Amino acid sequence: MPRMLIVDDDIHLRKLILTYAQLEDFQCREAETSPQALELLRQMEFDIIILDVMMPGPDGFEALARIREFTQTPVIMLTARSEEYDRLLGFNLGADDYVPKPFSPRELMARVNAVLRRTGKKQPEHVLCLGDMTIQLDARMVILDKLPVKLPPKEFDLLAKLAQNEHIVFTREQLLNTVWGIDYYGDTRTVDTHIKSLREHLGGFRNHIITVWGVGYKFEQPKKE
């Protein structure tokens, strides 16, 4: 799980970034001042740093200069100032990207992932975020309302196949061929048995798996009233 350090004196902005980063499976720590950030960076390794320029005490530029004395961890700087001089100063001090405020959290995360790809840092696992259900495909983990749920291998494969193709109906034969393989000699009742067990493991999320009578199954998130 990649680690992100969020450095900003605005708690609301920190929490906004935290929310979107956690949706992409980042492990996050927060700091509201440059000294706090430097202390955290000396205690543990991070994959990327989101660093605000305008902070009380040592500002982001001063913090970046100190950071570059002991680590080359990628840094994306945030600022409400748009002057070319500020951007050039940040890049000259070793910033990897520069995002002006206000910004789209989705765009920020896209820039985070682009920087990680460019610098060869660890990438976030392939994750499906479906309301209060999160499926970590690489880790083969399901999180339901922030609680991890361990699924048997075939049930996980069924859930992943359906969730990756939300609203698409799969016949039992298609699921059998995809999950068990075309050489499997069992009948389609195997799919029904595993779907029943999967729903039991999903508990309150069981209604995400929809039976299409006479055809097969599909995955849908229930509509909120």
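A. Expanded view of the overall build of the protein. From N to C terminus, the protein includes eight helices and twelve strands. The C-alpha atoms of the protein give 22 Å as radius of gyration, which overshoots the globular expectation for 225 residues (17 Å, by more than 25%). When each of the 225 residues of the protein is scored for burial, the buried share is 43%. Element-wise, carbon and sulfur atoms account for 51% of the exposed surface of the protein, whose accessible area totals about 12,300 Å².

B. Fine view of the environment of D96. Among the secondary structure elements, D96 is positioned in the loop between α4 (84-93) and β5 (97-100). Along the primary structure D96 and D59 are separated by 37 residues, whereas in three dimensions their C-alpha atoms are 17 Å apart. With near-sequence residues (within four places) excluded, D96 lies in contact with R68, T73, P74, V75, F91, V115, R118 and T119.

C. Spatial organisation of the environment of Q174. By the secondary structure assignment, Q174 is in helix α7 (residues 172-180). A residue is classified by how much of its surface remains accessible, and Q174, at 38% relative accessible area, is partly exposed. Taking the C-alpha atoms as reference points, Q174 and T188, separated by 14 residues in sequence, lie 9.5 Å from one another.

D. Summary view of the packing of helix α6 (residues 153-163) against helix α8 (residues 189-202). Between α6 and α8, whose axes approach to 9 Å, the crossing angle comes to 85°. The angle between α6 and α8 places the two elements in the roughly perpendicular class. Contact residues: K154, E155, L158, L159 and L162 in α6; H194, I195, S197, L198, H201 and L202 in α8. Among the residues forming the contact of α6 with α8, the class breakdown is six nonpolar, three polar and two charged.

E. Summary view of the sheet that holds strand β11 (residues 209-212). Read from one edge of the open sheet, three strands run β10-β12-β11, paired in antiparallel fashion. For this open sheet the edge positions go to β10 (170-171) and β11, each flanked by a neighbour on one side alone. Taken together, the four bridges between β11 and strand β12 (residues 216-219) define a ladder with antiparallel strand orientation. Bridging from a neighbouring strand, I209 pairs with F219 of β12. Strand contacts of α6: β10, β11 and β12, with the helix running at about 70° to β12, the strand carrying the most contacts.

F. Structural view of the layout of surface pockets. Roughly 550 Å³ of volume is contained in the largest pocket. In terms of lining residues, the largest pocket is bounded by 18 residues, among which Q22, L23, T134, I143 and K146 are the most central. Secondary-structure elements contributing two or more residues to the lining of the largest pocket are α1 (11-23), β2 (27-31), β6 (127-130) and β7 (133-136). Here the lining of the largest pocket is composed, by residue class, of eight nonpolar, six polar and four charged.

G. Main features of the pattern of salt bridges. Applying the stated criterion across every chain, the model contains twelve salt bridges. R14 is the salt-bridge partner of E30, the closest N and O atoms lying 2.9 Å from each other. Of this pair, E30 sits in strand β2 while R14 is found in helix α1, placing the two residues 16 residues apart along the sequence. With a relative accessible area of 25%, E30 lands in the partly exposed category. Here K15 and E30 are joined by a salt bridge, their closest N and O atoms 2.8 Å apart. One end of the pair, K15, is in helix α1; the other, E30, is in strand β2, and 15 residues separate them in sequence. Overall, K15 belongs to the partly exposed group, its relative accessible area being 38%. Each of D8, D52 and K101 takes part in one network of salt bridges that share partners.

H. The arrangement of the nonpolar core in detail. Formed by 28 residues in total, the largest nonpolar core has its most connected members in M133, I135, L159, L162, L202, I209 and F219. Elements with a minimum of two residues in this core: β6, β7, β8 (141-144), α6, α7, α8 and β12. Counting residues per element, this core draws most heavily on α6, which supplies six residues. Leaving out residues up to four positions away in the same chain, F219 has contacts with L130, M133, L159, L162, A163, E166, H167, H208 and I209.

So, how was this worked out
Residues numbered from 1 in each chain as written. Predicted model: local features only at pLDDT ≥ 70, side-chain atom pairs only at ≥ 80, totals over all residues. Heavy atoms only, no water. Helix = DSSP H or I, 4+ residues; strand = E, 2+ residues; numbered from the N terminus. Rg over C-alpha atoms; globule rule 2.2 N^0.38 Å. Buried < 20%, exposed > 50% of the residue type's maximum accessible area, 1.4 Å probe, protein only. Areas by Shrake-Rupley, 256 points an atom, 1.4 Å probe, with all protein chains shown as cover. Contact = heavy atoms within 4.5 Å. Axes fitted to C-alpha atoms, helices over the stretch in contact; angles between N-to-C directions. Parallel < 35°, antiparallel > 145°, perpendicular 65-115°, else oblique. Nonpolar A, V, L, I, M, F, W, Y, C, P; charged D, E, K, R; others polar. Pairing = 2+ DSSP bridges. 1 Å grid on protein atoms, 1.4 Å probe; cavity = no way out; pocket = protein on both sides within 12 Å on 5 of 7 lines; lining within 4 Å. Points joined across faces, edges and corners; volume = space filled by probe spheres on them. Salt bridge = Lys/Arg side-chain N within 4 Å of Asp/Glu carboxyl O. Core = buried A, V, L, I, M, F, W, Y, C linked by side-chain atoms within 4.5 Å.

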